Amino acid sequence: MTSQTANIRAHAAFLAAAALLSLQACSRPAAATPAETATVPAEYITAASDVEAGRYLVKIGGCNDCHTPGYVEGLAMTGKAMPEADWLMGGDVGFSGPWGVSYPANLRLSVQNMTEEQFLELSRAGRGRPPMPWPSLQAMSDRDLKAIYAYIVSLGPKGHPAPAALSPGVAPDRPHIPFVPQMPTTQVPVKS
Ligand code: HEC
């Protein structure tokens, strides 16, 4: 290969790479401003149906961690998976903190009674108590939220409603998990 041919080849490769880069630049939307990142327009999940996409989002979104009591403990400690028929039924053990006491809602009952539009509004507003990860719902695209809605509705109603939340200062009359930093009760000897 002469040095001239090598030059031509290198030049052609450079042009091809430049063309590809400019193509990518054209097909990509301009960088989002901070205000725009509140809603995510891009779609990344492809699934056979909305219900399938919703099942996947619920699994990776960690929704079962709180809304399905025993789900994490079962998988982590005994390897026993909670049957899907029992998912998202909420629980009677509250989470207490400066917000009072919140209970993981029985989504199988509450979401059934919402229209898709109401579910989207509730998720976007995110005005509920911790430790519900409201920012995670707020960051989802409308399509993701619609898929989660479709999945929860597909599970059908089951169980009983979670107890009503308590305001700060009201003593809970049932078990609750305190979300308040605790001081260690035993002194760890300091090594000299
Ligand atoms: C760390 C625990 C936790 C996780 C994880 C969690 N939630 Fe929640 N969720 C709660 C609690 C507690 C409430 C009740 C909040 C309140 O009292 O305002 C709640 C409330 C809700 C509500 C409102 C229901 C109603 O009846 O008003 C929806 C909808 C919801 N969660 C959906 C989800 C979805 C979808 C996921 C997964 C992406 C999820 N949650 C993950 C704890 C959690």
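Please refer to the structure higher up on the page.
Residues numbered from 1 in each chain as written. Predicted model: local features only at pLDDT ≥ 70, side-chain atom pairs only at ≥ 80, totals over all residues. Heavy atoms only, no water.

## Here's the deal with the overall build of the protein chain
Stated formally: By definition, any uninterrupted DSSP run of H or I lasting at least four residues is a helix, any uninterrupted run of E lasting at least two residues is a strand, and each is numbered from the N terminus. In this scheme, a residue with accessible area under 20% of its type's maximum is buried, one over 50% is exposed, and one in between is partly exposed, where area comes from a 1.4 Å probe on protein chains only. Whether two residues are in contact is decided by their heavy atoms: any pair within 4.5 Å suffices. Surface accessibility follows the Shrake-Rupley procedure with a 1.4 Å probe radius. Residue values consider only the protein chains on display as shielding.
The helix and strand inventory of the protein chain stands at eight helices and three strands. When the helices and strands of the protein chain are read in sequence order from the N terminus, they spell out α-α-α-α-β-β-α-α-α-α-β. Here the protein chain holds 192 residues, and 26% of them are scored as buried. A separation of at least 24 residues holds for 66% of the contacts in the protein chain among residues at least 6 apart in sequence. Element-wise, carbon and sulfur atoms account for 63% of the exposed surface of the protein chain, whose accessible area totals about 13,000 Å².

## Brief notes about the pattern of salt bridges
Spelled out, the test is: The salt bridge criterion pairs a side-chain nitrogen of Lys or Arg with a carboxyl oxygen of Asp or Glu, the two atoms within 4 Å.
Taken as a whole and judged by the stated rule, the model has five salt bridges. Across the pair Arg 55 and Glu 52 runs a salt bridge whose closest N-O atoms are separated by 2.6 Å. Separated by three residues within a single helix, Arg 55 and Glu 52 lie in helix H2 (residues 50–60), roughly one turn from each other. Judged by its relative accessible area of 36%, Glu 52 falls in the partly exposed class. When the shortest N-O distance is used, the salt bridge between Asp 173 and Arg 174 registers 3.6 Å.

## Things to note about the layout of surface pockets
Regions of empty space are outlined by a rolling probe, equal in size to a water molecule, passed over the atoms. In plain terms, the rule: The way it works is a 1 Å grid over only the protein atoms, where trapped points that fit a 1.4 Å probe form a cavity and open points with protein on both sides within 12 Å along at least five of seven lines form a pocket, and then any residue with an atom within 4 Å of a point lines it. Grid points are joined across faces, edges and corners, and a volume is the space filled by probe spheres set on the points. Only Asp, Glu, Lys and Arg are considered charged, only Ala, Val, Leu, Ile, Met, Phe, Trp, Tyr, Cys and Pro nonpolar, and every remaining residue, Gly among them, polar.
Volume-wise, the largest pocket comes out at about 710 Å³. Lining the largest pocket are 34 residues, with His 67, Ala 105, Leu 107, Met 132 and Trp 134 sitting closest to its centre. Taken together, the elements giving at least two residues each to the lining of the largest pocket come down to helix H3 (63–67), helix H5 (107–110), helix H6 (116–125), helix H7 (134–138) and helix H8 (142–155). Across the lining of the largest pocket, the residue classes tally to 25 nonpolar, eight polar and one charged.

## Observations concerning the packing of H6 against H8
Defined as follows: Interaxial angles span 0 to 180 degrees and are taken between N-to-C directions of axes, which are lines fitted to C-alpha atoms, for helices over the stretch in contact. Relative orientations are named as follows: roughly parallel for angles under 35 degrees, roughly antiparallel for angles over 145 degrees, roughly perpendicular for angles from 65 to 115 degrees, and oblique for any other angle. Helix crossings get a hand from a simple test, with the near helix turned counterclockwise from the far one by less than a right angle marking a left-handed crossing and a clockwise turn marking a right-handed one.
At a minimum axis separation of 10 Å, H6 and H8 run at an interaxial angle of 120 degrees. The pairing of H6 with H8 is recorded here as oblique in orientation. Seen along the crossing, H6 lies across H8 with a hand that is right-handed. Packed against H6, whose contacting residues are Glu 116, Phe 119, Leu 120, Ser 123 and Arg 124, the element H8 presents Asp 142, Leu 145, Lys 146, Ile 148 and Tyr 149 at the interface. A breakdown of the residues in the contact of H6 with H8 according to their chemical character gives five nonpolar, one polar and four charged.

## Quick word on the coordination of the iron atom of the ligand
To be explicit about the condition: Coordinating donors are taken as N, O and S atoms within 2.8 Å of the metal, stretched to 3.2 Å for Na, K and Ca; because water is absent from the atoms, sites can appear incomplete. Key to geometry: four donors with every angle between 85 and 135 degrees are tetrahedral; four donors are square planar and six octahedral where opposite donors lie over 155 degrees apart and all remaining angles lie between 65 and 115; all other sites are irregular.
Note on the iron atom of the ligand: its protein donors are His 67 (NE2) and Met 132 (SD). The metal-donor distances range over 2.0 to 2.1 Å. Geometry at the iron atom of the ligand is octahedral, judged from its six donor atoms and the angles of 87 to 180 degrees they form at the metal. Linking His 67 in helix H3 with Met 132 in the loop between H6 and H7, this pair joins segments that are 65 residues apart in sequence.

## Focus: the site of the ligand
This is how the line gets drawn: Any residue with a non-hydrogen atom lying within 4 Å of a molecule or strand is treated as near it. Any pair of N or O atoms that falls within 3.5 Å is considered a polar contact. Within protein, one atom must be able to donate a hydrogen and the other to accept it, and sequence-neighbouring residues count only if both atoms are side-chain atoms. For a molecule to be placed in a cavity or pocket, more than half of its atoms must lie within 2 Å of the grid points of that cavity or pocket.
Around the ligand lies a shell of 21 residues, among which Cys 63, Cys 66, His 67, Arg 129 and Met 132 are the nearest. Side-chain polar atom of Ser 110 to an oxygen atom of the ligand: 2.8 Å apart, as the coordinates give it. Taking Arg 129, its main chain carries an N or O atom lying 2.8 Å from an oxygen atom of the ligand. Judged by the fraction of its atoms near the pocket grid, the ligand is located in the largest pocket. No other element matches the three residues that H3 contributes to the shell around the ligand.

## Description of H6
Since the α-helix advances by 3.6 residues per turn, residues separated by three or four positions end up pointing in the same direction. Going by this rule: Picture the helix axis, draw a direction to every C-beta atom, and the arc is the one those directions span.
Those residues of H6 lying buried are Phe 119, Leu 120 and Ser 123. For H6, the arc enclosing every buried residue in end-on projection is 100 degrees, short of the 170-degree limit, so these residues lie on one face. Looking at the buried side of H6, the elements it contacts are H7 and H8. Directly after H6, the chain includes Gly 126, whose backbone phi takes a positive value near 55 degrees.

Keep in mind these values describe shape, not function.
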